[in-house]
Amino acid sequence: MADGEKEGYWTPLEKYVRDYLFTPITLILGFVPHAANILTVSRFLIVFWAMLDFLFYHNPVERQIWFLTIAWITDLLDGSTARNNNDITAFGTIADHTADFLLTLWMLFLSFYLTALLGGLAEIMMFTILSLTAVGTILVALGMWLFMREKRSERPGQPYFDFMREFLLKDLVTTISARIHTGFAAFGIIFYLAGAIWKNTFYLQAGAVILVVQLFFMGFYLHEIWQARYEDRAYKIRQALEKRIKELEEMFKKRKD
């Protein structure tokens, strides 16, 4: 299916608006070579430093809020920086998805850790919400991997690095539903962690509500990912059938002549 069919109407519009809003920042960052990739790689470093800071140096968990906030700011800027400066690369694309996945897993780990301290009904509710979020995150990654395998089976003779470059730059599309889900998940977990850490009921409840909302968007996003695989397959089957019908029509026409 064509890229435009995959993205629809709202995804390009969302990218256009976001890129326009961040134009002043991205133009300044454009003076730095490969600024978008630097932002993405910095997210890896921030996540790894956050892990070290908490697990090995045993610093207060309050510091994690700032690590996570800075990490998500880099995610907000790297895509627009790449597009506005014509610096979109296959490395940047796969690094962005991988960094987001690791960041989400780390945020979920912190959320489970702090939820265990709540007790009572609140603990059960939050464990349920976080478990569903974790399972959904894994299913998203699994769907992308299966989609990549399917595309690879269509182009078995293509050199692997050429295939990955084409897959990342053309086949893999981050839709608006994915962006909305990611945004709600990020804000929800940060609010929830802030409420749990600072003992702020408003932040805690706001984070829980946002996380419930993100489950709805995650369901839609999962439906979109898994449906896309079957729609793509159905599209190819339909093309093959149309081609076969034309061949049969030509064959019958020649016999009549």
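Residues numbered from 1 in each chain as written. Predicted model: local features only at pLDDT ≥ 70, side-chain atom pairs only at ≥ 80, totals over all residues. Heavy atoms only, no water.

**Re a nonpolar patch on the surface**
Side chains of W49, L52, L55, F56, Y57, F109, Y113 and L117 sit close together on the surface and give an oily, nonpolar patch of about 850 Å² of accessible area. Taken together, the elements giving at least two residues each to the nonpolar patch come down to α4 (35–56) and α6 (90–115). Considering every element that reaches the nonpolar patch, the biggest residue donor is α4, with 4 residues. By secondary structure assignment, the location of F56 is in helix α4. (Patch = residues over 30% accessible without salt bridge, like charges linked within 9 Å, V, L, I, M, F, W, Y side chains within 5 Å. Areas by Shrake-Rupley, 256 points an atom, 1.4 Å probe, with all protein chains shown as cover. Salt bridge = Lys/Arg side-chain N within 4 Å of Asp/Glu carboxyl O. Helix = DSSP H or I, 4+ residues; strand = E, 2+ residues; numbered from the N terminus.)

**Examining the layout of surface pockets**
By volume, the largest pocket amounts to about 1200 Å³. Lining the largest pocket are 49 residues, with T93, D96, H97, L172 and T174 sitting closest to its centre. Here the lining of the largest pocket gets 9 residues from one element, more than from any other, and that element is α6. (1 Å grid on protein atoms, 1.4 Å probe; cavity = no way out; pocket = protein on both sides within 12 Å on 5 of 7 lines; lining within 4 Å. Points joined across faces, edges and corners; volume = space filled by probe spheres on them.)

**Focus on the side chain of D87**
Secondary-structure assignment places D87 in the loop between α5 (63–84) and α6. R165 provides the closest opposite charge to the buried, salt-bridge-free D87, at an N-O distance of 9.9 Å. (Buried < 20%, exposed > 50% of the residue type's maximum accessible area, 1.4 Å probe, protein only. Lys, Arg positive; Asp, Glu negative; His and termini not counted.)

**Topic: the environment of K253**
Within the secondary structure layout, K253 lies in helix α10 (residues 201–256). Placed 168 residues apart in sequence, K253 and N85 show a C-alpha to C-alpha distance of 55 Å.

**Overview of the pattern of salt bridges**
A complete count under the given rule lists 10 salt bridges for this structure. With its nearest N and O atoms 3.2 Å apart, the salt bridge here joins D78 to R43. Within this pair, whereas D78 is found in helix α5, its partner R43 is found in helix α4, the two being separated by 35 residues in sequence. Across this residue pair, the class does not change: D78 and R43 are buried. What makes R43 buried here is its relative accessible area of 0%.

**Quick notes on the packing of helix α7 (residues 120–154) against helix α8 (residues 160–171)**
In the contact formed by α7 and α8, the axes pass within 11 Å of each other and the chain directions differ by 125°. Looking at the two axes, α7 sits oblique to α8. Seen from above, α7 lies across α8 with right-handed handedness. Only Y160, F163, M164, F167 and D171 of α8 make contact with α7, whose side of the interface consists of M144, F147, M148, K151 and R152. (Axes fitted to C-alpha atoms, helices over the stretch in contact; angles between N-to-C directions. Parallel < 35°, antiparallel > 145°, perpendicular 65-115°, else oblique. Left-handed = near helix turned anticlockwise from the far one by under 90°. Contact = heavy atoms within 4.5 Å.)

**Side note on α5**
Taking 1.5 Å of rise per residue, the 22 residues of α5 would be expected to cover 32 Å, and the 33 Å separating its terminal C-alpha atoms lies within 8% of that figure. Along α5, the sharpest change in direction is near 25° and occurs at L77. (Expected span 1.5 Å × (residues − 1). Bend = angle between axes of the 7 residues up to and from the residue.)

**Observations regarding α8**
Three or more residues of α8 are buried, namely F163, M164, F167, L168 and D171. When α8 is viewed along its axis, its buried side chains cluster within an angular range of 120° and face the same direction. Residues of α8 that are exposed and point over 90 degrees away from its buried face: F161 and R165. (Arc of directions from axis to C-beta.)

**A closer look at the nonpolar core**
Counting residues in hydrophobic clusters, the biggest one holds 30 residues, and the most contacted among them are L68 and L193. Where this core is concerned, the elements lending two or more residues are α4, α5, α6, α7, α9 (176–198) and α10. Per-element tally for this core: the top contributor is α9, with 8 residues. Excluding its chain neighbours within four sequence positions, the residues that come into contact with L193 are I65, L68, M107, L110, S111 and L114. Listed in part, the 8 residues of the second largest apolar core include A90, M148, M164 and F167. (Core = buried A, V, L, I, M, F, W, Y, C linked by side-chain atoms within 4.5 Å.)

**Examining the environment of I176**
Within the secondary structure, I176 sits in helix α9. Residues I176 and E14, 162 residues apart in the sequence, show an inter-C-alpha distance of 6.7 Å.

**A look at unusual backbone geometry**
Leaving glycine aside, a negative phi is the common case for residues, and trans is the common case for peptide bonds. With phi around 50°, N86 is a residue other than glycine that occupies positive phi space. Take N86: it is sitting in the loop between α5 and α6.

**A look at the confidence of the model for the protein chain**
In this model, the protein chain carries an average pLDDT of 88, and 91% of its residues clear a pLDDT of 70 or more. Every residue in residues 1–5 scores below 50 in pLDDT, and together they form 5 contacts with partners more than four places removed in sequence or on other chains. (pLDDT = per-residue confidence, 0-100.)

**Brief notes about the environment of I65**
Inspection of the secondary structure puts I65 in helix α5. For I65, a relative accessible area of 4% corresponds to the buried category. Separated by 21 residues in the primary sequence, I65 and F44 have C-alpha atoms spaced 16 Å apart.

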